[in-house]
Structures are given as C-alpha cells and as structure tokens.
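Structural features, examined
Spelled out from the first residue to the last, the chains are:
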Amino acid sequence: MNIKQLETFLLEAKLSGDDRFYYSQGRFADRRSLLVKITTDEGLVGWGESGVSMPLEHVQTFIHDALAPRLLGKSALQTEPVWHDLYSFSRDFGRKATPIDAMSGIDIALWDIRGKEAGKPIHLLMGGAFRSTVRAYATGLYYHEKDLTDPVGAVSNVQEEACRHRDAGFSAIKGKIGLLAVQDDIRRMAAAREAVGDEFLLMTDANHGYNRHTARTVGRALHELGFYWFEEPLVPEDIEGLASLRQELEIAIAAGECEYTRYGMLDLLRSQAVDILQPDISACGGLSEGQKIVALASSHQTPVCLHVWGSGISVAAALQLTAAIPPMPHTANPRAPENEPLFEFDRTRNPLRDDLIAGGFNLEVDQLRIPQGHGLGVEIDEDALKHHCVTSRLSQ
C-alpha cells in the first residue's frame, strides 16, 4: 500500500468580540490549523496536523516542495523508515521548527492509515491502552481587551470564568499569566482559587513571559495559592534557568511545547529542568516521535502531559498517544495528577476543533473518552473543512 497523493488544507476561523483573547505573547483574533491528508493507492485516507499556532503557510510550502517528492510512491505503512528518511533529509538545516512541524502532520496521517488498514485504533498499534478515559483540564482564564486597562475587572472576569468551568464539570483549570503586572496577575490567580475552593486543581501558564527573577517571585506566590504547576515560566532557550527554578521553587515546573523531537526533550530531561514534560504531537515529530519521547521521559522518571492545541485532528492524535502513556510510577490505584496524565482541553472558541470533527469529542464530567474507532478514531466533517479552508495544495 503506497502513498498516491498528498493534500494540505490551511484552515482559518475568524474570531470576533469576546471570542478574541490575549496571552502573554499577543492576541488571538483567529484560529488556524494546517491539516494533512494522505491517500493511498488502495483508497485509504489518513489525516494529520502540522504545526501549532503560527504562520503556517511556510509549513505547507515545505510539505509540498521539499517533502512530497520523497513521499510519493513510498509505503504508507512504513512509518519508521519514512520518519527517518524525512528527518535525515532535513537534519543539516532543520532539526527544529518548520521541517519537524511538517513531518509531524505527515506522520500522524500515516498512523491514521495504519490504524484503518488494521481495523484498530492507533493506541492498540502502540501496544495497548492504559486507560479508556483521561482526566481533562480546562485551559482558559485568558485575557480580553478590556483586561489590559482594567486589572480590577480582570479579577472579576477570572472568578466568573473559573466558576463556569467548575459548573461545567471540570475539576481542573489552567489559567494564563504573564501579560499584566505581576501583582495583577497574582490577584487574578488568587481570584480563581477563591472561586473554586482549595480542593480544586489549578495550574498556570506564562507562555515564557518572565525573566528568572520575576518567575521566582511569581512561582512562590503560586505555590502559596496551592497551584500544581507553573508552565513555561522562562523562554525555551533558558534551560539552565528552568533547572534553577525547579531547584528553588516548590511548585512543579512544566515545559516542552516549544521543543522538537526526542533530542530537544533530552536536553530538558538531562538538565533536570522540568517536573512535567509537555511535547505537542503536531510539532514535536508526530506520533512516532511521541512514543520515543514518552519512553525517554519514563527513563528519567518524568511524567508526560501533552500540550494540545489546534484542530480536532490534533486533539484526536493526542488522545491516542495519551491512552498509551503508562502511569509514572506504577501503583495499584493510579490517580491524576499524581501518576496519571492530565489532558489539556482548551475551552476558548475554536470552530476548527468544535465543528471539524463529526460528532465532536465525548466529555463526561471531567473525563474525556479516548476514541475507539479505526486509526485516529474520528471522522472529518467535509462541509466544515470546505467552509474554513483558505488555501489547499495537492501533490501526486
């Protein structure tokens, strides 16, 4: 079974009004995703997603102009040889960023084909599932336009949103910090704690918005508020700084979404820079590399909680790998977050997640069900695909 054609679809959904939001690095006025569709000579179709929250046109160009000539005609079931061929081709000029983003979507699509050919979900091809559901946390508590000039109002907004997530059944929330003054952001997170109570699991994400000194101050305040992890306190290049914070702070340090492949993750692990590793399957190298990263993390006794962003394809791929992540460490009664993974479930408006997957995802209280269909276990809504597609390309 060989690869006959390769298509990509650049999707965009404009946001308006209060659906627009800010994080420490800027504003989201739209949601964008790059989907990869691979069709075999036997008619099987696999879907993947390449890249995370960035200009994606260059990833689309790289897929078709650089990688497609190496893919067409190759076996669609040989995920390892294909991955190594593409990585070796781009090693001299692209061991991170665009080439790995491009490879990630291709690899996910090939795993989708493998699952459909076998008549099994991907997690069974990875060796089996440790769980059929995963505890989901709501990613939210972003900033809105008025919060930038009204920090007092921002506190009230956080309280109201935290209550909405709790009332929807979530037992864990990750909130954003790093855009306002330190004391204003600490007040926002204190408001979230007050709204949901002391037993509720709270995490926070600065999207590398602090220097070392400020991150130290914020981390200590978050620990006093009972927050579980402090995500990306520093720029991803400052691995030494992350390691230093991890030694100085009692709150767990989480990072990894801006790293690529097992080699980038190894730098974090070997430096003892993280308590929780967070690769993104649509950027780190796909499901093939995701498996290796999980194994690498387990050898360093470091839990993996995947970073999840993008369309429903990215969510589905992350769920398949999450099913196959072993408890770290093993116990007779594994619990999240102690030794079971948590799953990121963004709650901002995203039509590319909410409308693109036929039937959506099955969230029962705070448990997200792992899809059990063949391959990724989800089906694309072709009408939604056409509606949101701004650019498509075909190689055959």
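Use the structure listed above.
Throughout what follows, the structure given in this document is the object of discussion. All values reported here derive from a predicted model rather than from experimental measurement.

Let's shift gears to the overall build of the chain. The secondary structure content of the chain amounts to 13 helices and 15 strands. Here the C-alpha atoms of the chain give a radius of gyration of 20 Å, agreeing with the 21 Å that 2.2 N^0.38 yields for 396 residues. Across its three principal directions, the C-alpha atoms of the chain cover 60 × 45 × 40 Å. Taking all 396 residues of the chain together, the buried fraction comes to 59%. Across the chain, the fraction of contacts at a sequence separation of at least 24, relative to all contacts at a separation of at least 6, is 76%. Of the roughly 15300 Å² of accessible surface on the chain, a fraction of 47% belongs to carbon and sulfur atoms. Once the 39 positive and 55 negative side-chain charges of the chain are each reduced to a mean point, those two points are 2 Å apart.

As a further point, take the sheet that holds strand E4 (residues 30-40). Strand order in the open sheet formed by four strands is E5-E4-E1-E15, and the pairing between neighbours is antiparallel. The strands lining the two open edges of the sheet, one partner per strand, are strand E5 (45-49) and strand E15 (389-395). Put simply, the sheet's adjacent strands are angled 20° from each other on average, direction ignored. Relative to E4, strand E1 (residues 3-14) is paired through 11 bridges, and the arrangement is antiparallel. Opposite lysine 14, over in E4, you have aspartate 30 as the bridge partner.

Below, the discussion takes up the side chain of serine 314. Considering the arrangement of structural elements, one finds serine 314 in helix H11 (residues 312-323). Those residues in contact with serine 314, other than ones at most four positions away along the chain, are Glu49, Asp280, Ser282, Val308 and Trp309.

Along the polypeptide, aspartate 167 turns up in helix H5 (residues 151-167). Through-space distance from the C-alpha of aspartate 167 to that of arginine 216 is 32 Å; in sequence the pair is 49 residues apart.

Scanning the model with the defined rule gives six cavities of 30 Å³ or more in all. Of the voids in this model, the largest cavity is the one considered here, and its volume is about 80 Å³. Around the largest cavity sit Glu232, Pro233, Leu234, Pro236, Leu242, Ala255, Gly256, Glu257, Cys258, Glu259 and Leu268, which together line it. Here the residues of the lining of the largest cavity sort into seven nonpolar, one polar and three charged. By volume, the second largest cavity amounts to about 50 Å³. Lining the second largest cavity are Arg31, Val308, Trp309, Gly310, Val315, Glu344, Phe345, Asp346, Asn350 and Arg353. The biggest single contributor to the lining of the second largest cavity is strand E12 (residues 342-346), with three residues.

Formed by 84 residues in total, the largest nonpolar core has its most connected members in Leu35, Ile177, Phe230, Leu277 and Leu287. Counting residues per element, this core draws most heavily on H11, which supplies eight residues. Counting residues in hydrophobic clusters, the runner-up holds 35 residues, among them Tyr23, Phe28, Ile100 and Ile106.

At a closest axis distance of 10 Å, the pairing of helix H2 (residues 79-90) and helix H3 (residues 98-118) adopts a crossing angle of 170°. Considering their axes alone, H2 and H3 lie roughly antiparallel with respect to each other. When H2 is examined against H3, the residues Thr79, Val82, Trp83, Leu86, Tyr87 and Ser90 are found in contact with a partner set consisting of Pro99, Ile100, Met103, Ile106, Asp107, Leu110, Trp111 and Arg114. Residues of the contact of H2 with H3, tallied by class, amount to 10 nonpolar, two polar and two charged.

With that out of the way, let us pick up the packing of helix H1 (residues 57-71) against H3. Interaxial distance between H1 and H3 falls to 9 Å at its minimum, and their mutual angle equals 65°. Relative to H3, the element H1 lies roughly perpendicular. For the element pair H1 and H3, the recorded crossing hand is right-handed. Facing His58, Val59, Phe62, Ile63, Leu67 and Leu71 of H1, the residues of H3 in contact are Thr98, Pro99, Asp101, Ala102, Met103 and Ile106. Taken together, the residues of the contact of H1 with H3 sort by class into nine nonpolar, two polar and one charged.

This next bit is on the side chain of glutamine 278. By secondary structure assignment, the location of glutamine 278 is in the loop between strand E11 (276-277) and helix H10 (286-299). Looking at glutamine 278, the relative accessible area reads 1%, which means it is buried. Filtering out sequence-adjacent residues up to four positions away, glutamine 278 remains in contact with Trp229, Glu231, Ala254, Ala255, Gly256, Glu257, Cys305 and His307.

For the structure on display, the rule yields 31 salt bridges. In this structure, aspartate 267 and arginine 270 form a salt bridge, with 3.6 Å as the shortest nitrogen-oxygen distance. Residue aspartate 267 and its partner arginine 270 are located together in helix H9 (residues 261-270), separated by three residues, close to a single helical turn. For arginine 270, a relative accessible area of 56% gives the class exposed. Among the ionic pairs, arginine 349 bridges to aspartate 355, the shortest N-O distance being 3.8 Å.

Thresholds applied
- Along each chain, residue indices are assigned from 1 in the same order as the chain's sequence is written.
- Per-residue local features are limited, in this predicted model, to residues with pLDDT of at least 70; the limit for side-chain atom pairs, both in listing and counting, is 80 or more; totals at the level of whole chains, interfaces and linings are taken over all residues.
- Based on all heavy atoms of the structure, the side-chain values leave hydrogens and waters out of the count.
- By the criteria applied, helices consist of DSSP H or I runs no shorter than four residues and strands consist of E runs no shorter than two, each listed in order from the N terminus.
- Note that the radius of gyration is over C-alpha atoms, with the globule rule given as 2.2 Å times the number of residues to the power 0.38.
- For the exposure calls, accessible area comes from a 1.4 Å probe over protein chains only, and a residue counts as buried if that area is under 20% of its type's maximum, exposed if over 50%, partly exposed in between.
- Throughout, a contact is declared for two residues whenever any of their heavy atoms are within 4.5 Å.
- Each accessible area is a Shrake-Rupley result for a 1.4 Å probe, and residues are judged covered by the shown protein chains and nothing else.
- Within this scheme the basic residues Lys and Arg register as positive and the acidic residues Asp and Glu register as negative, but His and the chain ends are omitted.
- Just so you know, the charge point we use is NZ for Lys, CZ for Arg, CG for Asp and CD for Glu.
- DSSP-based pairing: two strands are paired if at least 2 bridges between them are found.
- Each axis is a line fitted through C-alpha atoms, and for a helix only the stretch in contact is used; angles between axes span 0 to 180 degrees, taken between their N-to-C directions.
- The rule is simple: put a 1 Å grid over the protein atoms alone, call a set of points where a 1.4 Å probe fits but cannot get out a cavity, call an open set with protein on both sides within 12 Å along at least five of seven lines a pocket, and count a residue as lining if it has an atom within 4 Å of a point.
- Grid points are joined across faces, edges and corners, and a volume is the space filled by probe spheres set on the points.
- Under the scheme applied, nonpolar residues are Ala, Val, Leu, Ile, Met, Phe, Trp, Tyr, Cys and Pro; charged residues are Asp, Glu, Lys and Arg; polar residues are all the others, including Gly.
- Residues belong to one nonpolar core when they are buried, are Ala, Val, Leu, Ile, Met, Phe, Trp, Tyr or Cys, and are joined through side-chain atoms within 4.5 Å.
- Put simply, angles under 35 degrees are roughly parallel, angles over 145 are roughly antiparallel, angles from 65 to 115 are roughly perpendicular, and the rest are oblique.
- Crossing handedness: left-handed means the near helix sits turned counterclockwise from the far one by under a right angle, and right-handed means the same turn made clockwise.
- Salt bridge criterion: a side-chain nitrogen from Lys or Arg within 4 Å of a carboxyl oxygen from Asp or Glu.

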